[in-house]
Amino acid sequence: MKLVSLQDNPQFLKGFYLRTRFPEVIFEPVLVALALVVFLVVPSSGGPVWSVLAAFCGGVMALLLLLLAPAMAGRMAAAEVREGTLDFYRAAPLYTRNHVVGLIAGAVFPEWVLSAALALVFLPVACAMGIPWHLALAFVASLAMTGALAAAAVATAALHTRENQGSSLRLLVILAVGFWLAFALLGAARAYFQSLWVFMTGIPLVNAVIQHAALDREGFSAGHSLVLVMLQAGMQLPLFLLCWVNIWRVFRGPRWYNSRKLQAVLVAVYAFFCMIPDDASFWRPKSVPLEYRNSPDRPSLAHEPQEAAGVIASGVTALLLIGTMLVGSPETAQVARGLRRARKAGKRGVSWLDDCAVSAPAMLAVTGVCLLAQGALYIAGFSEFTPQMALGFLLLCLNLLFLALFYQCVQIGWGARGRKLFMFYIIAAWVVLPMITRFSATGLLLSPWLPFTVLIVGAGVPLGTDLAAEATAATVAALVLNAALACAAAVVLRNQYRRLKEQVFGA
Amino acid sequence: MISVKSLRVDYDTVTAVEDLDLEVGPGEVFGLLGPNGAGKTSTIKAIARAIEPTYGEIRIDGVDPDVHPEEAWRRIGYMPDLPPLYPDLTVRQYLDVFAAAHLVARPGRSDRVREWAARVDLEKKLDTRVSELSRGMKQRLVLAKTLLPEPKALLLDEPASGMDPIARVEMRRLLHEAAANGAAVVISSHILSELDELCTAVGVMEKGRMVVSGSIADIRRRLETGVRLRVRPAGATPAEAVAAFLEGNPLVSGPAVAAGQCLAEFHGTEDQAAELLSALAASGLTVAEFALEHESLESLFMRVGARETS
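For clarity, every value in this text was computed on a predicted model and none was experimentally measured.

Q: Just to check I follow, could you spell out the interface of chain A and chain B for this structure?
A: For an interface, size is often stated in terms of accessible area lost upon the parts coming together. Chain A puts 41 residues into the contact, and the matching count from chain B is 42 residues. Counting the surface lost from both chain A and chain B, the interface buries some 3,900 Å², and carbon and sulfur atoms represent 53% of this. When residues of chain A are sorted by the area they lose upon contact with chain B, Phe88, Pro93 and Arg340 of chain A head the list and together hold 20% of the total. Ionic pairing is found between Glu52 of chain B and Arg341 of chain A, a salt bridge with its closest N-O pair at 2.6 Å. Across the chain A-chain B interface, the total number found is 19 residue pairs in polar contact (both at pLDDT 80 or more). For the side of chain A that touches chain B, the elements supplying multiple residues, two or more each, are helix 1 (10-19), helix 3 (49-83), helix 4 (86-90), helix 13 (332-344), helix 15 (387-436) and helix 18 (473-506) of chain A. Looking at the side of chain A that touches chain B, the element that brings in the most residues is helix 13 of chain A, giving seven residues.

Written out as structure tokens, the structure is:
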């Protein structure tokens, strides 16, 4: 069934009823009108009235779309969890996509309607003050795209909490802090590795609007605006889809082809795509100065310390593998459910990217993506990936792979109790035992389940800021040990899975 | 209409429902009984597919919810134990939202909303905010929301909790009406006497398993070891004389005198009880009261639960 009209969409109806109550419905328009009057009446600092009006409209649109609308989406979504109404929608015959559209549209439509009205003022005013029409239009589109992404992200986060009244506000704060933290961290790394990721923030377009005079002189055309918008859309779309799928899953319940594991693989691809250096100036006019770029003082790629690229890539790999491990390792009952569904569909086993499938293939897939991405960056000449770094990187992958498979075995074998045991294992093997032995070589060797032991003891490899490993005997031993442990865990896991399969298919 | 075979539901390390079979035909009302944690809510949620079972087969009117969930949900009306509500919506808006969720067509939807609000006695509260309703009214509102799409399979988890006696009577009437129109109803409750009046069959759950099921009369027949006979003599007839008379009857065991009455276990049918009363009168013993007292459903089910648990 296709999308029903908004008048028949229950989530939209709910949002509409809640957001059009009097007097709340007039708060925002009245505040905006008052602010506009104040802006226009109070003498500005010498700027022409068009600039004031354009800045006001742009600023209020940003406030509405990037702050208020997401907050409302989060509030609505959090209320669904708090009131326990999700079960009703899960047991309703309406197709799930309607709930997702309705939830977002019903929550944010007042801000979006108001923003559309402001955009109608902003566009002619921007043209009057000399901003090219295509750039003004691109700016509005950019705000809309970022606003939609922000609303979807906050709604996703709110639906995944079991919090109460204040959850949406807290979530918003957490998301905002997280977003700006990511900005700060990636911004620091940008000096070394300026990448395509900046387009997901929309900042290049904002810069272009601010620097429009300089750009105009250099022949900035509609095509350039279009490329900027398309790049932003390209960078934001995967994140928007990720949020969509997660909201969809909440209303629908777990169904395969929308699994966390598939998402993990896609996120791995996306994360490495984000790291592609933005060195190609294919979208820029040839003679345009660098003022409107994100980092005017950015050094050229040829002089960047290439090791940093490897460290960042290794960090991303570790995060992706740990994330996949945590979200993609099902318990016994989940695997049994997956097998039951597979049996109903006439299949012999669970699709390997299903939430209910054991995690080995998914972990291998994510590892494969990471290795391939590293290889691609190296071959393309973006990353000077030394053999030492490659070796360290391989060790990291193998070690995390072992941990993931071991964690999956524990999950299947002991469930929730197993998770606690796993944490104890990590603390015991990585903290307590080395502390008891005062970090002596002998003591570390006494910890047979600590895969890095041989490496640390034998090679003294720093595994902190500069991930690299020399090809010594100890490194080879560490490689073999990690691979052997991963294989052993995979064998145990295979047997656990076989037993479960017999149980379900034999039932 | 509702068919469940070998159902199992797991949460983390807990098995909430295990190897449960259930058949409820059109027009039947099946009551699920059991203490907290017995697995009643999980069973109802699994049938409504609000949660996914670990094992087992479920069919709603012949439709497998795993294969065609939307088709199954068209046939299901589900009411959870704690009524989920939007406190800031009015009664009319709340019913409108869920009527839309159950694909009730827009032309005529508002009439349907008004009709069902009237049927649960909330017509005067149509424009009142949900947060201003009493607990019983909220329960009735959710009941109206559940019945409004006229589903073929009704799954009600503790629907009467919080309702006043009049509302309970009204709810029973509505559920009887739905069953009379061919709906299969599964209802869980702690109020045993209510199920006694409402259900055509009941099942007792204990630790995730169905320990006994069938019609209430059938369960009584299977579980009751005997009916208590109470005879209060009239006039000068001493209770001891009545006890002595009953002593010799093969259908009566353990007669005893207490507080001027004679109490005993009776093992016969109602016709045989009538014959016994006639015999008492014929022997010259005058009787003011002659009563067969069944063991209450509550104690009967408690006994079953205790036995299974032990």
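Q: Explanation requested: the layout of surface pockets in the structure shown.
A: Picture a little ball the size of a water molecule; that probe, rolled over the atoms, points out where space is still empty. Residues and elements named next belong to chain A. Here the second largest pocket defines a volume of roughly 650 Å³. As for the second largest pocket, its lining consists of 27 residues, of which Leu18, Arg19, Arg21, Met72 and Arg75 are closest to the centre. At the level of elements, helix 1, helix 2 (24-41), helix 3 and helix 5 (96-128) are the ones that each hand at least two residues to the lining of the second largest pocket. For the lining of the second largest pocket, the element with the highest residue contribution is helix 3, accounting for eight residues. Taken together, the residues that form the lining of the second largest pocket break down as 14 nonpolar, three polar and 10 charged.

Q: How do you make sense of the nonpolar core when you look at a structure like this?
A: Side chains of a nonpolar character, in soluble globular proteins, are inclined to be buried together. Judged by nonpolar contacts, the single largest core of 77 residues is most densely connected at Tyr94 and Leu141 of chain B. Aside from chain neighbours lying at most four places away, what touches Tyr94 of chain B is Phe88 of chain A together with Pro84, Leu85, Tyr86, Leu89, Val130, Leu141, Val142 and Lys145 of chain B. Ranked by size, the runner-up nonpolar core spans 51 residues in total, among them Val358, Ala360, Val369 and Phe422 of chain A.

Scoring rules and cut-offs
- Residues numbered from 1 in each chain as written.
- Chains lettered and ligands numbered in written order.
- Predicted model: local features only at pLDDT ≥ 70, side-chain atom pairs only at ≥ 80, totals over all residues.
- Heavy atoms only, no water.
- Contact = heavy atoms within 4.5 Å.
- Buried area = accessible area lost by both parts, 1.4 Å probe.
- Salt bridge = Lys/Arg side-chain N within 4 Å of Asp/Glu carboxyl O.
- Polar contact = N/O pair within 3.5 Å; in protein donor to acceptor, adjacent residues only side chain to side chain.
- Helix = DSSP H or I, 4+ residues; strand = E, 2+ residues; numbered from the N terminus.
- 1 Å grid on protein atoms, 1.4 Å probe; cavity = no way out; pocket = protein on both sides within 12 Å on 5 of 7 lines; lining within 4 Å.
- Points joined across faces, edges and corners; volume = space filled by probe spheres on them.
- Nonpolar A, V, L, I, M, F, W, Y, C, P; charged D, E, K, R; others polar.
- Core = buried A, V, L, I, M, F, W, Y, C linked by side-chain atoms within 4.5 Å.
- Buried < 20%, exposed > 50% of the residue type's maximum accessible area, 1.4 Å probe, protein only.

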